[in-house]
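# Results of the structural survey
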Amino acid sequence: MSGINRRKFLKLAGTLGALGLAACTTAPRKGSKAKVVIVGGGYGGSTAAKYLKLFNPLLDVTLVEKMKHYYSCAGSNEVISGWHDLDWLLRSRDGLQTKLGVKLVKAKAVEIDPQNRLVILKDGSELPYDRLVLSPGVDMRFDAIDGYDLKTSKFIPHAWKAGKQTTLLLNQLRAMRNGGVVIITAPASPYRCPPGPYERASLIANYLKQTKPRSKIIIIDAKTQFSKQELFLKGWQDLYPGMIEWISSAKEGQIDHINPTKLLVVTEFNSHRADVLNVIPPQKAGWLARKTELADHTRWCPVDPHSFESTLIPNIHIIGDACIATPMPKSAFSANSQAKICAAAIVDLLNDRQPGPPSLINHCYSFLAPDYAISINGVYEYSGTERQLVATAGGVTPMNADRQLEAKFAKSWRDNISADSFGG
Ligand SMILES: Cc1cc2nc3c(=O)[nH]c(=O)nc-3n(C[C@H](O)[C@H](O)[C@H](O)COP(=O)(O)OP(=O)(O)OC[C@H]3O[C@@H](n4cnc5c(N)ncnc54)[C@H](O)[C@@H]3O)c2cc1C
């Protein structure tokens, strides 16, 4: 079937579905005979593949990932600071195949046919599924800030996806003069890794303090407050006095536009010139989820957090940054936690059992220096009446806590989450 014919066919099938005349040919397979396909082999998708196999080793589990190499965003601020090489961020999924029997497919998924429960790959091949898990991460909203688009991002990095973008920002910081100004723009919520921009400012300051101490960092924020704010502000005062300036939108309003040739950020009431400009634009659910109409008007995907099944299309589960799991933040820890709940729920649903009420956790560490870290954590339970999550416990590093100990915890968390998520 040609691409155009397929599209017409899918449209027709969608219309039939809306009329209650679903064209699906086969009934879903049950129990161990079922096929689960996962698209996206980052923190969410890889964890889901692993735990599906752990919960039922007989399940047919296929993980589709378009990129040959996965560079972890978690840890990428440390690479920018020069503590590690880029390759330190590489995560291998080989263990998922060799130890657990997950089928790994390196391909871009270009279409989902929910009526016939098929994932269509770029080469035209089709993967049938009984349950589909999507963890496609985020896309940048290149239409959100006047003057900043995909083309501009090739020389004004966002570095909000690790890899080439991380190296671009790192190289610009290395080339910057002593006394230069680094500007980071931080988006409004929700976005990937709420404390990330402030950790980045801290670790750039850590690098500049040692190499170009007359330099300055300005954060131009679309928000009026941010994650772990008190702790960051205290840390900046203690470690990098006078080096980091945070500008709230209450002071300067929102960004009006960016002048990419002059590296100028123009806000409603002021303008700032950068030597190195790092624009972190607003974000949205990954392309495939939006294309399949799994995202709502917010550009994120509504799910029932009981099983992370889409509230818009049945048999498709969305986890990680792409889903709406408020009040959980969009983090690797959240994606990992959601993947386990989703995997357990899928195994239950395939066996005609009702999944139990979920309990999820998140714990986000941020480094301010190699031996100085802070964290925030939360526990989330399911509220059946509202079909959403509520925070039932949580907190941040106490002001008088040992930051060196937190840094040790942060390092071991990173090793553990990588091993847990990628089948190591
Ligand atoms: C600077 C920074 C620092 C961070 N630090 C932390 C931290 O300390 N702690 C923490 O918990 N979180 C941190 N995060 C957040 C964390 O990286 C993300 O929340 C996490 O990666 C989300 O996992 P995911 O599975 O939703 O998406 P991703 O990990 O982005 O994985 C999505 C995958 O899907 C693939 N994909 C997408 N579309 C397709 C398709 N059509 N076909 C095939 N494959 C596809 C992509 O190639 C990608 O590999 C940080 C993020 C940033 C930017």
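Residues numbered from 1 in each chain as written. Predicted model: local features only at pLDDT ≥ 70, side-chain atom pairs only at ≥ 80, totals over all residues. Heavy atoms only, no water.

To continue, consider the pairing of strand 13 (residues 244-247). Looking at chain direction, strand 12 (residues 216-221) and strand 13 are connected through 4 bridges and run parallel. Residue pairing in the sheet places Ile218 in a bridge with Glu245 of strand 13. Each parallel crossover has a hand, and the one from strand 12 via helix 7 (residues 229-239) to strand 13 is right-handed. (Pairing = 2+ DSSP bridges. Helix = DSSP H or I, 4+ residues; strand = E, 2+ residues; numbered from the N terminus. Right-handed = clockwise from strand over helix to strand, strands pointing away.)

The omega torsion of the bond from Ser189 to Pro190 falls at 0°, within 30 degrees of zero and hence cis. Residue placement: Pro190 occurs in the loop between strand 11 (181-186) and helix 6 (196-211). In this structure, the amide linkage connecting Thr326 to the following residue, Pro327, adopts the cis form with an omega of 10°. Its location among the elements puts Pro327 in the loop between strand 22 (323-324) and helix 10 (332-350). Even without a glycine there, the phi angle at Asn315 is positive, about 70°. Relative to the assigned elements, Asn315 resides in the loop between strand 20 (309-310) and strand 21 (316-318). The exposure class of Asn315 is buried, given its relative accessible area of 18%. Within the chain, Asp352 stands out as a residue other than glycine whose phi angle is a positive 55°. Its place among the elements puts Asp352 in the loop between helix 10 and strand 23 (359-369). On the accessibility criterion, Asp352 (61% relative accessible area) is exposed. (Buried < 20%, exposed > 50% of the residue type's maximum accessible area, 1.4 Å probe, protein only.)

The next subject is the sheet that holds strand 16 (residues 271-273). Across the sheet, 3 strands lie side by side as 14-15-16; this open sheet has antiparallel pairing. Strand pairing shows two members of the sheet lacking a second neighbour, strand 14 (255-259) and strand 16, which therefore form its edges. When strand polarity is set aside, the average angle formed by the axes of neighbouring strands in this sheet is 15°. Bridge count for strand 14 against strand 15 (residues 264-267) is 4 bridges, and the pairing is antiparallel. Within strand 15, the residue paired with His257 across the bridge is Val266. (Axes fitted to C-alpha atoms, helices over the stretch in contact; angles between N-to-C directions.)

On to the domain arrangement of the chain, then. Accessible area lost during the coming together of the parts is what is often quoted as the interface size. Examined at the domain level, the chain breaks down into domain 1 (3-137 + 286-355) and domain 2 (142-282). With centres defined by C-alpha atoms, the gap from domain 1 to domain 2 works out at 32 Å. Each partner contributes to the interface: domain 1 provides 18 residues, whereas domain 2 provides 23 residues. Run the count over domain 1 and domain 2 and you get 1 salt bridge. (Domains from an automatic or database assignment. Contact = heavy atoms within 4.5 Å. Salt bridge = Lys/Arg side-chain N within 4 Å of Asp/Glu carboxyl O.)

Okay, helix 10 next. With 19 residues, helix 10 extends 27 Å from end C-alpha to end C-alpha; this agrees with the ideal 27 Å at 1.5 Å per step. With 16 of 19 residues buried, helix 10 lies mostly within the body of the structure. (Expected span 1.5 Å × (residues − 1).)

On inspection of all chains with the given rule, the structure shows 1 cavity of 30 Å³ or more. Reported here for the largest cavity is a volume of approximately 40 Å³. Contributing to the lining of the largest cavity are Gly320, Asp321, Cys323, Ala325, Met328, Pro329, Lys330 and Gln338. Of the residues assigned to the lining of the largest cavity, the class counts are 4 nonpolar, 2 polar and 2 charged. (1 Å grid on protein atoms, 1.4 Å probe; cavity = no way out; pocket = protein on both sides within 12 Å on 5 of 7 lines; lining within 4 Å. Points joined across faces, edges and corners; volume = space filled by probe spheres on them. Nonpolar A, V, L, I, M, F, W, Y, C, P; charged D, E, K, R; others polar.)

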